[in-house]
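A look at the structure
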Amino acid sequence: MDLFEGEIIDREAARRHYVLDDTGFDEVPKKYRKFYRQWRGAGDSLAPNEVLCPVCRVVIRSSRELRVGDRVYCMPCMSRLVIVRNAATGTLEARAEH
Ligand SMILES: [Zn+2]
């Protein structure tokens, strides 16, 4: 919650960085595995540096917190995605770029 308020007050504040660990995601070459994980369904939740691929439902993980306008690449399904804010829920989500 403090993160959300901080984002409103100062969008240019330094982003939180994350150390990513390999979660055993084996659909991509080993050096890229830490950037993805399986979505565990109901009960799972996304960290500020994670977003769900709308195409293949894999969780894409970034080494820094994600913000609107960021572009991410889903290697498992080769989708280029852009981060947007869902107007209804206020949460960040990825949309496919065309
Ligand atoms: Zn995908």
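Read on for an overview of the structure. The model shown is predicted, which means the values in this text are computed figures rather than measured ones. (Residues numbered from 1 in each chain as written. Predicted model: local features only at pLDDT ≥ 70, side-chain atom pairs only at ≥ 80, totals over all residues.)

**Regarding the overall build of the protein chain**
Quick note on the threshold: For helices the rule is a DSSP run of H or I covering at least 4 residues; for strands it is a run of E covering at least 2, with both sets numbered from the N terminus onward. To assign burial, the other C-beta atoms lying within 10 Å of each residue's own C-beta are counted, with C-beta atoms placed from the backbone; 20 or more indicates buried, 12 or fewer indicates exposed, and intermediate counts indicate partly exposed. Note on contacts: residues are paired as contacts if their backbone-placed C-beta atoms lie within 7 Å.
Along the protein chain, the regular secondary structure elements total one helix and six strands. If you list the helices and strands of the protein chain from N to C, you get α-β-β-β-β-β-β. Sorting the 98 residues of the protein chain into buried and exposed places 15% on the buried side. Look at the contacts in the protein chain between residues 6 or more apart in sequence, and 34% of them connect residues 24 or more apart.

**Observations regarding the sheet that holds strand S1 (residues 36-38)**
The test is simple: For two strands to be treated as a pair, DSSP must find at least two bridges joining them. Lines are fitted to the C-alpha atoms to define the axes, a helix being fitted only along its stretch in contact, and any angle between axes, read from their N-to-C directions, falls within 0 to 180 degrees.
The three strands are arranged S1-S3-S2 in an open sheet whose pairing can be described as antiparallel. Every other strand in the sheet has two partners, leaving S1 and strand S2 (50-52) as the edge strands with one partner each. Strand-to-strand, the axes of this sheet are offset by a mean angle of 30°, without reference to chain direction. Relative to strand S3 (residues 58-61), S2 is paired through three bridges, and the arrangement is antiparallel. The partner of Val51 across the bridge, within S3, is Ile60.

**Some thoughts on the environment of Arg15**
Inspection of the secondary structure assignment puts Arg15 in the loop between helix H1 (2-9) and S1. Using a count of 16 C-beta atoms within 10 Å as the deciding quantity, one classes Arg15 as partly exposed. On a C-alpha basis, the gap between Arg15 and Arg64 in space is 6.3 Å, while along the polypeptide they are 49 residues apart. Beyond its immediate stretch of four places on either side in the chain, Arg15 contacts Arg64 and Glu65.

**As for the sheet that holds strand S4 (residues 71-74)**
Here three strands make up an open sheet; going across it, the order is S4-S5-S6 and the pairing antiparallel. Both edges of this open sheet fall to S4 and strand S6 (92-96), since each of them pairs with a single strand only. The mean angle between the axes of side-by-side strands here comes to 40°, regardless of whether they run parallel or antiparallel. Pairing geometry for S4 and strand S5 (residues 79-85), over four bridges, is antiparallel.

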